[in-house]
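# An overview of the molecular structure
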Amino acid sequence: CRVSEGINLEIGQPNFAYSSLNSQISGNSTQTQMPLILARENVTFTNTSEGSYSYLEWDFGDGSPVERYSPFAGTTSPVTHIYGISGTFYPKLRLYNSVGCYQEVVKTLVVGKGYNVLVPNVFTPNGDTYNDRFRPLFSGFKSMQFTIYDYRGNLLYMEESEVDPADPLQPIDLTGWDGDVKTESPYYIYSVYGVTLFGDIEVQKSGTFIIIR
């Protein structure tokens, strides 16, 4: 016996639009004008793709789970998402054909002031792969410098990162300190200095943290 099945290799042209209540009220709702979106408000994403596809995926760019939809199993648009903090995010829409090939589009979405810096106050470099490196979590920066000192002011670690001009939509990241320099310091001092993607705002933040081994 023989079984045959048709395979759809076509992939449409992906595209989407996004908006929120605040961006509509402010009258700044076009993508070219960078809509003003607030943290913790619903953002609506509308699929404006052209052509056929087998299924699609929404990646909202904030580390939340990717959402997959099939046009044959229910609606694929609009969908809503909430960004919990200010920052610059890169939501992505992917269209797939039946064999898993895809086309994607990425856009820039600015929430609130457009940047954020979060730094823990403790880390545990014990080799369990959890919280083994001390580093800030951030978004919305085109360059970042991160330094660590002991309580006497001796420099223990420094790392820098900046946006690649050839790939400006790729967020920068830091590897972080693994605590390899062992001292008798009762606490440590960090310093963060960054320049934002938009407006070239200089942001500085410093504080203390401890190590639990």
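In what follows, the structure referred to is the one given above.
The rules we used
Throughout, a residue's number is its position along its own chain's written sequence, starting from 1. Only residues with pLDDT of 70 or above have their local features reported here, since the model is predicted, and side-chain atom pairs are shown and tallied only from 80 upward, although totals for entire chains, interfaces and linings are computed over all residues. Values reported for side chains reflect all heavy atoms of the structure, with hydrogen atoms and water molecules removed beforehand. Side-chain atoms within 4.5 Å link the members of a nonpolar core, which is a set of buried Ala, Val, Leu, Ile, Met, Phe, Trp, Tyr and Cys residues. For each residue, the accessible area found with a 1.4 Å probe, counting protein chains only, is set against the maximum for its type, and the residue is called buried under 20%, exposed over 50%, and partly exposed in between. Strands here are runs of E lasting at least two residues and helices are runs of H or I lasting at least four, both read from the DSSP assignment and numbered beginning at the N terminus. Working rule for contacts: check all heavy atoms of both residues, and any pair within 4.5 Å makes them a contact. The definitions used throughout rest on a 1 Å grid laid over the protein atoms alone, on which a cavity is an enclosed set of points accommodating a 1.4 Å probe that cannot get out and a pocket is an open set flanked by protein within 12 Å on both sides along at least five of seven lines; lining residues are those having an atom within 4 Å of a point. Grid points are joined across faces, edges and corners, and a volume is the space filled by probe spheres set on the points. Put simply, Ala, Val, Leu, Ile, Met, Phe, Trp, Tyr, Cys and Pro go in the nonpolar bin, Asp, Glu, Lys and Arg in the charged bin, and everything else, Gly too, in the polar bin.

Ranked by size, the top nonpolar core spans 22 residues in total, and within it F134, F141, F146, I148, W177 and F209 carry the most contacts. Of all the elements in the fold, those that place two or more residues in this core are β13 (141-150), β14 (155-162), β15 (188-196) and β16 (202-211). With four residues, the top contributor of residues to this core is β13. Those residues within four positions of F209 in sequence are excluded, and the remaining contacts are P120, N121, V122, F123, F134, I148, W177, Y187, Y188, I189 and Y190. By size, the runner-up hydrophobic cluster in this structure holds 17 residues, among which are L56, V79, F89 and V111.

Time to look at the layout of surface pockets. The space that makes up the largest pocket amounts to roughly 470 Å³. If you trace the largest pocket, you find 23 residues lining it, with G61, F138, S139, P171 and I172 closest to the centre. Contributing elements (two or more residues each) for the lining of the largest pocket: β6 (87-89), β10 (116-118) and β12 (137-139). With three residues, the single largest contributor to the lining of the largest pocket is β12. Its residues assigned to classes, the lining of the largest pocket shows 13 nonpolar, seven polar and three charged.

Without other data, these values stay purely geometric and don't point to any function.
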